Amino acid sequence: MSVKAYYEDYKYPAKDRQENFHGNQLVYVNWDKHLLFAAPFTLMVSPAISFRSLRDEVMPNAFNQHPEWTAIDWQKVHWLLNGEPFTPQLECTLVDQGITHKSFLRIQTPELTGISAAGI
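Please read these numbers as outputs of a predicted model, since none were measured by experiment.

In terms of regular secondary structure, the chain is built from one helix and five strands. Traced from its N-terminal end to its C-terminal end, the chain shows the element sequence β-β-α-β-β-β. Considered along the principal axes of its C-alpha atoms, the chain spans approximately 50 × 35 × 25 Å. Taken across its 120 residues, the chain has 37% of its residues classed as buried. Residue pairs in contact within the chain that sit at least 24 positions apart in sequence constitute 65% of those at least 6 positions apart. Counting every atom, the chain has about 7,900 Å² of accessible surface; 54% of that belongs to carbon and sulfur. Separation between the mean location of the 10 positive side-chain charges and that of the 13 negative ones in the chain comes to 5 Å.

Structure follows, in structure tokens:
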């Protein structure tokens, strides 16, 4: 997301540049129709971890408080990466799949619609 400064001579570099995260990167992750979480989570991860590690080790730390988290059938999940359909390769690294600093992953679980089907 680009940002425009209010004045022309703004010369301060962004604080969330990847080089400021000691070899890690930020990845935004949102679980559609599960508004118990008001906004996407920002996860700081190594670009060299596998997608399986992201899904099975990192994401549960953010999402497992939702009662439907353990009911996800990962074979039925639809993924979006930066707004485009995405099929993750579980054993490949994030960077090898184009998941870069500040990428946005969305999880869609058509069979799960939130607490009491309320979208929360």
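Scanning the model with the defined rule gives ten aromatic pairs in all. On the numbers, 5.3 Å between centres and 90° between planes, the contact of F37 with F63 is edge-to-face. Of this pair, F37 sits in the loop between strand 1 (25–31) and strand 2 (41–45) while F63 sits in helix 1 (residues 51–63), and the two are 26 residues apart along the sequence. Each of the two residues, F37 as well as F63, counts as buried. Note on F41 and F63: the rings are 4.9 Å apart at their centroids and 75° apart in plane angle, and the pair reads as edge-to-face. Of this pair, F41 sits in strand 2 while F63 sits in helix 1; the two residues are 22 residues apart in sequence, bridging distant segments of the chain. The class for F41 is partly exposed, based on a relative accessible area of 25%. Aromatic ring contacts, followed pair by pair, group W31, F37, F41, F51, F63, W69, W74, W79 and F86 into a single cluster.

Basis of the calculations
Residues numbered from 1 in each chain as written. Predicted model: local features only at pLDDT ≥ 70, side-chain atom pairs only at ≥ 80, totals over all residues. Heavy atoms only, no water. Helix = DSSP H or I, 4+ residues; strand = E, 2+ residues; numbered from the N terminus. Buried < 20%, exposed > 50% of the residue type's maximum accessible area, 1.4 Å probe, protein only. Contact = heavy atoms within 4.5 Å. Areas by Shrake-Rupley, 256 points an atom, 1.4 Å probe, with all protein chains shown as cover. Lys, Arg positive; Asp, Glu negative; His and termini not counted. Charge placed at Lys NZ, Arg CZ, Asp CG, Glu CD. Phe/Tyr/Trp six-rings, centres within 6.5 Å; stacked < 30°, edge-to-face > 60°.

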